[in-house]
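Coordinate inspection notes
Listed here are the chains, written in short residue letters.
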Amino acid sequence: MIAPTSLMCNDNTDFTHRRRTANAASIVMVAWIFMSVLPFVQPLEAADPDPIKAPGNEQAFVSIFNGKDLTGWDGDPRFWSVRDGILRGETTLASAAEHNTFLILRGREPADFVLKLKFRIMGEGNSGVQFRSRDLGDWEVAGYQAEIANDRPDPGIGTGFVLDEHGRGGRDAYGPRGDLGRVGEFVVIDSAGKRSVIAKVADARALLSVGYYKNEGWNDYTIVAQGNRIRTWVNGYQTLEFIDNDTRKLSRGIVALQIHRGKPMLVEFMDLKLQILDPELTPGSRRFNDRGQSGWVTAPD
C-alpha cells in the first residue's frame, strides 16, 4: 500500500507544481506588459497641467516652408496662398470648398518624426495637420489628423486630439477608426482597433482653465510619431498620447494641412519644420537626416 500512496502523492505534487508554475508565468507576463507601458502613464487623476519644452532638437529641424511661396507644397490655388511670410488657407461665400481640401507637402513621406508649426484660426473654423497619410487625389487625403478647430461650444477643446480622416462612406466622414484619442487621454488601441483609455496626460478642463489654446492667437503645435507611439503638444502642454497597435494603421505617409468644407474660414500657418527620427532613438538624437540614417556614423561624445 505504501507504493501506490507514494505515487499518488507524487502526482498531486507534480500537478500542484505545474499549476503554480503556470500561475507564476501568467503573473510575470501581466507584470511585463504593465511595466512596458508604465513609464508613459500618469495617474487617471492627473495633476494640474504644466507647460514643458516639447521634444525635438532645434539643430536637427529642417524648414518645410520657405516663407515666400508654396514651393514644395501642392493644393487648390483657389484656397491656398502666402502673404507676409504666412501660409494662408481661406474659403469665402464666393469661393467655397466642395469637400475637405488639403495642402500637401510633396517629396516627403516621413515615418518617425517631430513636426512643429505655428497656427491660428480667425473667426470660426475647422482645420488640422495630416501626417502618415495617403493621397486620394483631388487634394484629398486619408490617415492621421491632429485636429485644429475652434467651431465648437468651447473653442479650445477642439485642438490637440487625433482622428482618422476620411473613408467611412462619405467624402468628409471620419475614417473607419473615428477619434483615436481625445484631449487629455492616454489611449492604447489594440490590433482590432478597440480604444482603451488607460490614464491621462492631463485633465481637459484643467487645460482649458490655464488657457492652453489661444483662440484667434498664434499657437505652437508639436506632433511626435515614433513607431506606434503618437504624442501631441499645444503651446507646451501635452494634450494626447496613444499607442496604436491597430493592423490598419499607416506607418509612414504624407504631411498635409486642412481646410474643412462648410462655412467660410481662414487658417494660417508659419514656422513649419520637421525633424526625422531614427525609430530606435529618442527624439532629439543627433543621428538623423531628412531621408534616413544611411551614411551616418555615430561616435561617443
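Thresholds, definitions, all that
- Residues numbered from 1 in each chain as written.
- Predicted model: local features only at pLDDT ≥ 70, side-chain atom pairs only at ≥ 80, totals over all residues.
- Heavy atoms only, no water.
- Core = buried A, V, L, I, M, F, W, Y, C linked by side-chain atoms within 4.5 Å.
- Buried < 20%, exposed > 50% of the residue type's maximum accessible area, 1.4 Å probe, protein only.
- Contact = heavy atoms within 4.5 Å.
- Salt bridge = Lys/Arg side-chain N within 4 Å of Asp/Glu carboxyl O.
- Phe/Tyr/Trp six-rings, centres within 6.5 Å; stacked < 30°, edge-to-face > 60°.
- Helix = DSSP H or I, 4+ residues; strand = E, 2+ residues; numbered from the N terminus.
- Lys NZ or Arg CZ within 6 Å of the ring centre and 35° of its normal.

1. Some words on the nonpolar core
Counting 47 residues, the largest nonpolar core has Val129, Phe131, Tyr221, Phe242, Leu257 and Phe269 as the members making the most contacts within it. If near-sequence neighbours (up to four positions away) are discounted, Phe131 is found in contact with Phe113, Tyr144, Gln145, Ala146, Val162, Ile223, Ala225, Ile230, Ile254 and Val255. By size, the runner-up hydrophobic cluster in this structure holds six residues, among which are Ala54, Phe61, Val224 and Trp233.

2. Topic: the pattern of salt bridges
Side-chain pairing between opposite charges can occur once the charged atoms of the two side chains come close. As enumerated under the stated definition, the model contains 19 salt bridges in all. A salt bridge links Glu90 to Arg88, with the nearest nitrogen and oxygen atoms 2.9 Å apart. Relative accessible area serves as the criterion here: at 30%, Glu90 is assigned to the partly exposed category. For Arg88, a relative accessible area of 9% puts it in the buried group. Put simply, Lys200 and Asp203 hold a salt bridge, and the shortest N to O gap is 3.2 Å. Accessibility expressed as a relative area gives 26% for Lys200, which makes it partly exposed. Relative accessible area serves as the criterion here: at 25%, Asp203 is assigned to the partly exposed category. By sharing partners, the salt bridges in this structure join Arg88, Glu90, Arg120 and Glu268 into a single network.

3. Structural notes on the packing of aromatic side chains
Counted under the stated rule, the structure contains five aromatic pairs. Judged by centre distance (5.5 Å) and plane angle (45°), the rings of Phe119 and Tyr221 are tilted. Here Phe119 is found in strand S6 (residues 113-122), whereas its partner Tyr221 is found in strand S13 (residues 219-226), with 102 residues between them in sequence. With respect to burial, Phe119 and Tyr221 carry one shared label: buried. An angle of 50° between the planes, with centres 6.1 Å apart, marks the rings of Tyr144 and Phe242 as tilted. Pair noted here: Tyr144 is in strand S8 (residues 140-149) and Phe242 is in strand S15 (residues 237-244), with a separation of 98 residues, a long-range link. Here the two residues Tyr144 and Phe242 agree in accessibility, since each one is buried. Every member of this aromatic cluster is reached through a ring pair, and the members are Phe113, Phe131, Tyr144 and Phe242. One cation-aromatic arrangement involves Lys273 over Phe61; the distance from NZ or CZ to the ring centre is 5.4 Å.

Honestly, it's all geometry; don't read function into it.
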